[in-house]
Amino acid sequence: MADSFEEADQLFADCKFRESYELLSRKHNSTDAGYETLWRLCRVIYSITRELAVDEKKAKELEALIFEGFEYAKQGLALQPDTASAHKYYAIFLAEKSGIEGLKERVLQLSTILRHLRKATELDESDPFAWFVLGRFYHKLAGLAWFQKKMIHTFTTDIPDATYEDALQYFERAESVQPNFFPLNHLMLGDTFIALKEPKKARPFLELAANQVAPRTADDREAQREAKSLLRKL
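Scoring rules and cut-offs
- Residues numbered from 1 in each chain as written.
- Predicted model: local features only at pLDDT ≥ 70, side-chain atom pairs only at ≥ 80, totals over all residues.
- Heavy atoms only, no water.
- Helix = DSSP H or I, 4+ residues; strand = E, 2+ residues; numbered from the N terminus.
- Expected span 1.5 Å × (residues − 1).
- Buried < 20%, exposed > 50% of the residue type's maximum accessible area, 1.4 Å probe, protein only.
- Contact = heavy atoms within 4.5 Å.
- Polar contact = N/O pair within 3.5 Å; in protein donor to acceptor, adjacent residues only side chain to side chain.
- Phe/Tyr/Trp six-rings, centres within 6.5 Å; stacked < 30°, edge-to-face > 60°.
- Lys NZ or Arg CZ within 6 Å of the ring centre and 35° of its normal.
- Arc of directions from axis to C-beta.
- Domains from an automatic or database assignment.
- Buried area = accessible area lost by both parts, 1.4 Å probe.
- Salt bridge = Lys/Arg side-chain N within 4 Å of Asp/Glu carboxyl O.

A. Inspection of helix α4 (residues 59-79) at higher detail. Helix length check: α4, at 21 residues, gives a terminal C-alpha distance of 30 Å against a target of 30 Å (1.5 Å per residue), a fit within 8%. Among all positions in α4, only L62, L65, I66, G69, F70, Y72, A73, G76 and L77 are buried. Looking at the packing, one finds that the buried side of α4 touches α2 (17-30), α3 (35-52), α5 (84-101) and α6 (103-123).

Right, here's the structure in full:
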């Protein structure tokens, strides 16, 4: 069992997401629906969805994988409700699923998504990706127009009035936990500093994202592309 997890982890580290997914799926279907399999399936499915999201022709496959990932995340949370990764992946896939189901459903789920993201960072303060996802949640809220924020508050009363300062502290926390762990975090740091009208602070982070030597994933390529675009505007 440990050997198959080791192989799946190595495939994931090598960005061989499909191969890792197939291995874990076989394990899940044949012998083990335990938590160690479930959270790994969530992790690799999320990475595959990021690759699919850039291709409109793969929309149906993307949607199916999001719903599959949500089911695994739900099972994982039921098995390990006190585990940080269970809350993290439940929040991630709930956000993706509710986005498919429509704007109202997404708004109705915002407080649940936020609650699970916060719980993930409380349970494991050393996970930089959880801090990044929490930062992106606040960044998106901060960027909404006033009428969009008003609409949110007609459906729910427990969503904070998020600011870019809030988002910044979470992106900075992610970076302090593990420096240079994720080019998208560099991009979001740069973008947030621009939103706060501090372009000098934005530039070094945008340059880190833009100057990647060999982007490995769809997220890496997105970070590079968007960072180059923002640098041209500085």
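Following the structure, the description resumes.
B. Region of the structure containing the environment of T154. Tracing the backbone through its elements, the reader meets T154 in helix α8 (residues 146-155). A relative accessible area of 58% means that T154 is categorised as exposed. At a separation of 2.4 Å, a polar atom in the side chain of T154 contacts the main-chain carbonyl oxygen of M151.

C. Structural context of the packing of aromatic side chains. This structure, assessed with the given rule, holds 13 aromatic pairs. Consider the rings of F70 and Y90, whose centres lie 5.5 Å apart with planes at 40°: the pair is tilted. Of this pair, F70 sits in helix α4 while Y90 sits in helix α5; the two residues are 20 residues apart in sequence, bridging distant segments of the chain. Take F70 and Y90: they sit in the same class, and that class is buried. An angle of 85° between the planes, with centres 5.1 Å apart, marks the rings of F132 and F182 as edge-to-face. Remark: F182 occurs in the loop between α9 (164-177) and α10 (183-195) and F132 occurs in helix α7 (residues 128-142); sequence separation between them is 50 residues. Against the face of F5 rests K27, its NZ or CZ located 4.7 Å from the ring centre. Directly above the ring of F5 sits R40, whose terminal nitrogen or CZ lies 4.4 Å from the centroid.

D. Examining α9 more closely. Counted at 1.5 Å a residue, the expected span for α9 with its 14 residues is 20 Å, and the 20 Å between its end C-alpha atoms agrees. Those residues of α9 lying buried are A167, L168, Y170, F171, A174 and E175. The buried side chains of α9 occupy one side of the element, clustering within an arc of 165° when seen end-on. Against the buried residues of α9 lie α7 and α10.

E. Local environment of the domain arrangement of the protein chain. Each assigned domain of the protein chain is listed here: domain 1 (1-124) and domain 2 (127-233). Placing a centre on the C-alpha atoms of domain 1 and another on those of domain 2 gives a separation of 22 Å. Contacts between the two partners involve 21 residues from domain 1 and, on the opposite side, 24 residues from domain 2. Summed over both sides, the interface between domain 1 and domain 2 buries roughly 2,000 Å², with carbon and sulfur atoms accounting for 68% of that surface. The tally of links between domain 1 and domain 2 comes to four salt bridges.

F. A look at the pattern of salt bridges. Enumeration according to the criterion identifies 15 salt bridges in this entry. Ionic pairing is found between R40 and E36, a salt bridge with its closest N-O pair at 2.7 Å. Taken as a pair, R40 and E36 lie in helix α3 at a separation of four residues, close to a single helical turn. With a shortest N-O distance of 3.9 Å, E226 and R225 are connected by a salt bridge. The class of E226 is partly exposed, set by a relative accessible area of 35%. Here the salt bridges share partners, and the residues they tie into one network are D9, E36, R40 and R43.

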